[in-house]
Each structure stands twice: as C-alpha cells, then as structure tokens.
Amino acid sequence: MKNHRIPLWVALLPVLLLIVLLSINVLYVSGDDALSGSNQLILITCTFVTFVLSHFYGVSWPMIMDKIAMNIQQSSAAVFILLLIGSLAAIWTFSGIVPTMIYFGLNLLNPDFFLPLTVLVSSVVSVATGSSWSTTATVGIAMMGIGNSLGINPAITAGAILTGAYFGDKMSPLSDTTNLAPAVAGTDLATHIRYMAITTFPSYGISMLIFIGISLFQNRNAVDMSVSQEMIHTLEATFKISGWTLLVPALVILLIAMRFPSLPAIFVGILGGIIVTLIFQKNHVMHDLNAVDCAKTLIHVLTSKNEIHTGVPALDELLTTGGMSGMLNTVWLIISAMCFGGAMEASGFLGRITDAIMSLARSEFSLFTATVSTTLFVNISASDQYLSLVIPGKMYNKAFKDKGLAPENLSRTLEDSGTVTSVLIPWNTCGAYHSGILGVSTLDYLPFTFFSLISPLMTLLVAGFKYKIRRIINQ
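Residues numbered from 1 in each chain as written. Predicted model: local features only at pLDDT ≥ 70, side-chain atom pairs only at ≥ 80, totals over all residues. Heavy atoms only, no water.

## Here we look at the packing of aromatic side chains
Then comes step 1: Under the defined criterion, the tally for this structure stands at eight aromatic pairs.
Then comes step 2: Considering the side-chain rings of F448 and F450, the 6.4 Å spacing of their centres and the 85° angle between planes classify their relative orientation as edge-to-face.
Then comes step 3: Judged by its relative accessible area of 21%, F448 falls in the partly exposed class.
Then comes step 4: Of the residues examined, F450 reaches a relative accessible area of 13% and is grouped as buried.
Then comes step 5: Here a set of aromatic residues connected by ring pairs shows up, and it is made of F167, F201, Y204 and F451. (Phe/Tyr/Trp six-rings, centres within 6.5 Å; stacked < 30°, edge-to-face > 60°. Buried < 20%, exposed > 50% of the residue type's maximum accessible area, 1.4 Å probe, protein only.)

Following this line, the structure appears as structure tokens:
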C-alpha cells in the first residue's frame, strides 16, 4: 500500500484523537496519576481506532498484529533493562550506596555558592536514583527551605534544583527515559549515554556558569542550615555511611564506559549492592536478621515496594523504593505505546505523516529541526514525557536511516528536546508535579531552568555544525 493513497487528514485523525484524550485525562481526570493506567487505556483505544480507519485502505487485523508484535519484540530488551533497573535502584538505596551519595552531597553545601552547589547536589541524587521526581521531592524540598532562608528568589532556587534533577534524569543509566530513548531509536544504552555527553555536558556547563554568576551577585541573609543538617544526622543514624560503598557504582560506570553490555553491567551492579548490604548494613537496616530472613528481605527489596522509616518525611520519600514492581507502569506504557505505533506503521498512517513532514525537511539539519519540533509539540499537546520520546522516535526512525544517520543521533535528539522540556510545560505531568512539590509555578521557574532551555538549542547547534554526527557504516 502506498502512503500517498491515504489522505493526510485521515492519517492525522488517530494522533489528534490521542492528543485530545491525553490532554483531557491529564488536565481534568487523572492528573499526576495518568501513568497508572488511564494513559495506557487511551493508547489502546487509539490503536483500535487506527485499525478501524485503516480497514478502509485494505489493512487487515493480522497485518496490524504482526507489526505490533514486531514493535514489542524490538522493545523487549528495554523492558528487561527497566525491570533490572528497578531492582538496582532499590538495592542501591537499601545498601547505603544512594544514601552515601546524598550524605556527601549535602555536606558540600556552602551558603556563598548555594545555587551551583544546589545544581551539583541535585545532579548527584538524580544520577544515583535515575529520577527527577524523587530528587525534587527529597533534596529539592530541603534546598527550597535553605534558599528561602538565604533570601534567594524561590524561582531561581527551583531552576537550580530542576537543572540538576534533569541532568540526572537524562544521563543516569537508572533513568527510564534514558533507557526508553535508545530502545525507540534502535541503539543500545551505553552508546546512547556516551553520545548524549556531546550535547549534555556543554549545556550543563553553561547552566552551571550562569548559576555561579548569579551567586556572585546575590544578596544573602543569614542562613539556617538546620534542614540539611537534620538529613545528614538522620542518614548517619540509619545507615553505615562509607565511601567504600561507592566502588559499586564506579564499577558499573567503568563497565559501561568499556562498552560492556548493559544487562550484565546492571546485574553486576545488583550483585554489588547485595554484597555491600551484607557487609555494611548488617547491623543497620538489616537489624541482624538470620540468614533466611535476610534472604527474604533482599528478595522483597529487589522485587517489591520497600520503605525505610527515618522520622524525616523528605528522607522517607527518597528511601521508599519499588523494586521491579515499581517499573511496571512504565513497562505497561511502553507496550501500549508500541501497540499504537505498530498500528500506525502497519496502516501506513505514520508513513503518510512522515512523508508530509519530510517533503519540507529535505536536508539533514531540517530533519533534526523537525524532530526537535515534533518532540516539543508532543510534549505540549500530549502532556506526557514518555510519549514525546516514543511517537517522534517511531516517526523519524526510518528518515534518519534513509539519510545514513546512526540511530544514536535520533535517541540523543529525543532526549535533548523531549525529556528535559517536559518540566517547562504547566499542564504536562512533569511540569505539574514539580511545580506542586517545589511550591513554585512552572512559568515562574521556567526562565531559570537553564539546562532544559539550552539542551534543544545545543542539539541543533551540534547538528548545524555537523559535529560528531555519526553515520551508518557502509551506507
């Protein structure tokens, strides 16, 4: 079936329906809880609508199902990685690895350079947890309190917190978006992270310099550091804090840098976390359990929701982990999105939309520009960070290959323009969540979230100068 036989307005109908339903769901029905099933149901509904429309153009249900099955198969590695990452994040928290990172980060705080140190501490926590949401809900709240006592504009403090939080959300191998983007684009996690560094570190460096400049000219009041000190003392009382525990994440980073396969590297990290728990936390969070109870506890931590109660609400939030089960909503969303994407591909609708866009985007740079624009559009219209990666990723996958561009070009562009900009949109799940947690409106902190503002421009700048634009070999 030729794509040009399909009217463009017909091809766009399922996408427009998806955008309308997702927007209504996020704004008026489910809010922050949209990822718990309602968004997935909408994706499945739009998959069925796509099939009904495509039936008039000779597309059968088996053709749709074959493509859906192929899409799900292609995403299976990412699903497996996400499940293991749920276990990795949980055991690294329980073992004291993540608490040790937070402990050292909080000890770095200095009132004279509060803003750049806030970026740094938020970055450390976000890289360690792979979650911008957990970062703002924990150390983010503490930083807001300290910033207020310093007399710093809350919007600027929020911008510093979110700059660090989204650096980690974008670069951490524990982040679901960092795993989703390469899965959609067709590359591996390690290659994706290395290739993202080309645009991410310049964007991060510029953001840090801006916050250093603001700090030099910021008027400060006498500061109350009691919030961070309380967290530091509580961490000392709950865990055995030791720099030796950081050898495990250092080993995992080394393995990834050496291009070791992602799954074995993550599994090594899980085993390392278990060993660290048995060595350092036997008399702390393990409470001297016998061998059988110890094994039961470790299995529970790796697979299910686990809470560590410290008496400090901010820390309790950070130390609550979901294990493998905590990743199921994300896995559910990926499978649902792959169903919709498969139906759109098999019907020829996705090809028709892409052809229309590509008729305007003839050069390589215009292809990068179209990808950034589409990703931003989906973030604004669909109100979902994950779909801003999946939908443009499926749309432009073939276009990048046709121009001889390696898939890591696409995966990096998706993260540069999708992951980090979701926080800038008031009605997006990310924007609404962070605004509510930090107590600062999205539009107020937007001008100071420098990393999120610079990243899409940086990816276009790199594309414009054709710097480190990797190509498919023997294309």
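## Quick look at the packing of helix α9 (residues 176–185) against helix α20 (residues 407–419)
How two helices sit against one another is set out by the angle between their axes and by the gap between those axes.
Then comes step 1: Where α9 contacts α20, the axes come no closer than 8 Å and their chain directions differ by 140°. Between α9 and α20, the interaxial angle falls into the category oblique. As for the relative orientation of α9 and α20, their crossing is right-handed in sense. Residue-level contacts link T177, T178, A181, P182 and A185 of α9 to P407, L410, S411, L414, E415 and T419 of α20.
Then comes step 2: The residue inventory of the contact of α9 with α20, partitioned by class, reads six nonpolar, four polar and one charged. (Axes fitted to C-alpha atoms, helices over the stretch in contact; angles between N-to-C directions. Helix = DSSP H or I, 4+ residues; strand = E, 2+ residues; numbered from the N terminus. Parallel < 35°, antiparallel > 145°, perpendicular 65-115°, else oblique. Left-handed = near helix turned anticlockwise from the far one by under 90°. Contact = heavy atoms within 4.5 Å. Nonpolar A, V, L, I, M, F, W, Y, C, P; charged D, E, K, R; others polar.)

## What to know about α20
Then comes step 1: For α20, which comprises 13 residues, the first-to-last C-alpha distance of 17 Å matches the rise-based estimate of 18 Å (1.5 Å per residue) to within 8%.
Then comes step 2: Taken across its 13 residues, α20 has 12 buried, putting it largely inside the fold.
Then comes step 3: Here α20 has its buried residues at E408, N409, L410, S411, R412, T413, L414, E415, D416, S417, G418 and T419. (Expected span 1.5 Å × (residues − 1).)

## A closer look at the environment of S422
Then comes step 1: You can see S422 is positioned in the loop between α20 and α21 (429–438).
Then comes step 2: In this view, S422 contacts Y166, N379, Q385, N428, C430 and G431; residues no more than four positions away in its chain are not counted.
Then comes step 3: Here T419 takes part through its backbone oxygen, which lies 2.9 Å from a polar atom of the side chain of S422. (Polar contact = N/O pair within 3.5 Å; in protein donor to acceptor, adjacent residues only side chain to side chain.)

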